[in-house]
Amino acid sequence: MLNKFGPSGNGEAQVQYLDGDFRVISPGTYVRCAISDTRIPLDELKYWSVDLQEAYATPAAVLERHFPGAPKPQP
């Protein structure tokens, strides 16, 4: 799933989010969650929006972006 070529960077990667995959544009080890600003290691990246070109750390962050006023699920 990781399309990283060339030398790896230690900072934030620039990523193009595709359907079911992503392409690393600028090397790095992580991207940031668009909602929480949490660092997401590239090898753990599972949630993103192709349309908005942003990453999310958790499924709850995806819901927050797409349904901002929705009630939070109870644990």
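Up top is the structure these notes are about.
Cut-offs used in this document
Residues numbered from 1 in each chain as written. Predicted model: local features only at pLDDT ≥ 70, side-chain atom pairs only at ≥ 80, totals over all residues. Heavy atoms only, no water. Helix = DSSP H or I, 4+ residues; strand = E, 2+ residues; numbered from the N terminus. Buried < 20%, exposed > 50% of the residue type's maximum accessible area, 1.4 Å probe, protein only. Polar contact = N/O pair within 3.5 Å; in protein donor to acceptor, adjacent residues only side chain to side chain. Pairing = 2+ DSSP bridges.

Asker: Quick question: what am I supposed to make of the environment of Ser-36 here?
Answerer: You can see Ser-36 is positioned in the loop between β4 (30–32) and β5 (39–41). What makes Ser-36 partly exposed here is its relative accessible area of 41%. Through-space distance from the C-alpha of Ser-36 to that of Ala-57 is 7.7 Å; in sequence the pair is 21 residues apart. A distance of 2.6 Å separates polar atoms of two side chains, one belonging to Ser-36 and the other to Thr-38.

Asker: What am I meant to see in the pairing of strand β2 (residues 14–18) here?
Answerer: Moving residue by residue along a regular strand, the side chains alternate between the two faces of the sheet. Burial along β2 is one-sided: the residues Val-15 and Tyr-17 are buried and none of Gln-14, Gln-16 and Leu-18 is. Between β2 and strand β3 (residues 21–26), which follow one another and run antiparallel, lie two residues, and Gly-20 among them has a positive phi close to 75 degrees.

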